[in-house]
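Coordinate analysis (summary)
What follows is each chain in one-letter form.
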Amino acid sequence: MREGNKTSSAAFSDPSPLPHQSTIMAVDIVSFGAPSRGDDVRLSLRKALYEIVREAFNTAGVPWDQCYHEDRGDGILIVTPGHVSPVLLADPVTFQLSARVRRHNRFSSEPARIKLRIAVHTGDAARDELGLRGTAIVHTFQLLGASSFKKALTESEPDVGLIISDYFYDSAVRPGLTMLDPADFIAVEAASKAATIRGWMHNPGQPTSQVHVQAVGSWQAGAPEEALAYFRRKFEALVTEV
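This text gives an overview of the structure that appears in the document. (Residues numbered from 1 in each chain as written. Predicted model: local features only at pLDDT ≥ 70, side-chain atom pairs only at ≥ 80, totals over all residues. Heavy atoms only, no water.)

**Some details on the environment of D181**
Note the cut-off: Numbering of helices and strands runs from the N terminus; a helix is a DSSP stretch of H or I covering at least four residues, while a strand is a stretch of E covering at least two. Each residue's exposure class comes from its accessible area (1.4 Å probe, protein chains only) as a fraction of the maximum for that residue type: buried when under 20%, exposed when over 50%, partly exposed otherwise. Definition of a polar contact: a pair of N or O atoms within 3.5 Å, with one able to donate and the other able to accept a hydrogen when the atoms are protein atoms, and with sequence-neighbouring residues admitted only if both atoms are side-chain atoms.
Position of D181 among the secondary structure elements: in the loop between α6 (166-173) and β9 (185-191). Take D181: its relative accessible area is 38%, and that puts it in the partly exposed class. Measuring from C-alpha to C-alpha, the distance between D181 and H202 comes to 9.2 Å, with 21 residues separating the pair along the chain. A polar atom in the side chain of D181 sits 2.9 Å from the backbone nitrogen of A183.

Put into structure tokens, the structure is as follows:
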């Protein structure tokens, strides 16, 4: 069922004041409003984004028509139905998104190329007649807008950048429930006027040392031990490869 710029189905099929545990993904196109992109290009990008996301979700086993989603102009806010494992949003959904963005970009001119920022979080959210609300939604967009995440993605080659919440990292990635290597994530702060939270940025292709120069200074208390462990793992991997 469509309601303005919102689509509801199995997830949040009816407005309810009661929040419940939800897996949330926010996706947006980097530099959507760049001067090099006219309205015709932006319209094409929006259509391409929806096609890419819909195909990625369906192929990954997360039925798109059962997800609740809201249009955000340059992106999409998505909540999966309760019966879908949160792990699927880390993999294989992100892998499918990356593959489809790469395919799109191979056949696109520079203004029509897509680079995506993706944030994933699990938390309590609710829906009223105006759309999704709750701390978990705010948290997700705070991660998506983290300055270190945006800077790293802007300065790197990969077409897709991923940042996940501290909770999602600890409950899904760190225990090895996904195909993503926990060692490939860097802890970064996402600051706002109200609060500062920690997220985990997937290394978007930069040299490890360069990413850490950006990230280590903003780590919260206790993070130095994690940084040392990260460097130790990377060093051991390099030794093994040599």
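**Considering the environment of S148**
Among the secondary structure elements, S148 is positioned in helix α5 (residues 147-154). Since its relative accessible area comes to 11%, S148 is described here as buried. Sequence spacing of S148 and E189 is 41 residues, and the spatial spacing of their C-alpha atoms is 7.8 Å.

**Quick notes on the packing of helix α1 (residues 39-59) against helix α3 (residues 93-106)**
For clarity, the cut-off: A fitted line through C-alpha atoms represents every axis, and for helices the fit uses only the stretch in contact; the resulting angles, taken between N-to-C directions, go from 0 to 180 degrees. Oblique is the label for every angle not falling under 35 degrees (roughly parallel), over 145 degrees (roughly antiparallel), or within 65 to 115 degrees (roughly perpendicular). Note: crossing handedness is left-handed where the near helix turns anticlockwise from the far helix by less than a right angle, and right-handed where it turns clockwise. Contacts are residue-level and defined by heavy atoms, with any inter-residue pair within 4.5 Å sufficient. Any residue outside Ala, Val, Leu, Ile, Met, Phe, Trp, Tyr, Cys, Pro, Asp, Glu, Lys and Arg is labelled polar, Gly included; the first ten of those are nonpolar and the last four are charged.
At a minimum axis separation of 8 Å, α1 and α3 run at an interaxial angle of 140 degrees. Judged by the inter-axis angle, α1 sits oblique to α3. Between α1 and α3 lies a crossing whose hand is right-handed. The residues of α3 that touch α1, namely those facing A48, I52, V53, E55, A56, F57 and T59, are V93, Q96, L97, R100, V101, R103 and H104. Taken together, the residues that form the contact of α1 with α3 break down as eight nonpolar, three polar and three charged.

**Some details on α6**
Put simply, the test is: The arc in question is the one spanned by the directions pointing from the helix axis to the C-beta atoms.
For α6, every residue scored as buried is listed here: F168, Y169, A172 and V173. What you see down the axis of α6 is that its buried residues fit within an arc of 100 degrees, all on one side.

**A few points about the packing of aromatic side chains**
Cut-off, in case you're wondering: Centres within 6.5 Å make a pair out of two Phe, Tyr or Trp rings, where for Trp the six-membered ring is used; the pair is then stacked when the planes are under 30 degrees apart, edge-to-face when over 60, and tilted otherwise.
Using the criterion set out here, one finds three aromatic pairs in the structure. Considering the side-chain rings of F57 and W64, the 5.3 Å spacing of their centres and the 70 degrees angle between planes classify their relative orientation as edge-to-face. The exposure classification of F57 matches that of W64, with both residues buried. Between Y169 and W200, the aromatic rings sit 3.9 Å apart at their centres with planes inclined by 10 degrees, giving stacked as the arrangement. Taken together, the residues span a long stretch of sequence, with Y169 in helix α6 and W200 in strand β10 (residues 196-202) at a distance of 31 residues. In terms of burial, Y169 and W200 fall into one category: buried. Each member of the aromatic cluster is reached from another via a ring pair, and the members are Y169, F185 and W200.

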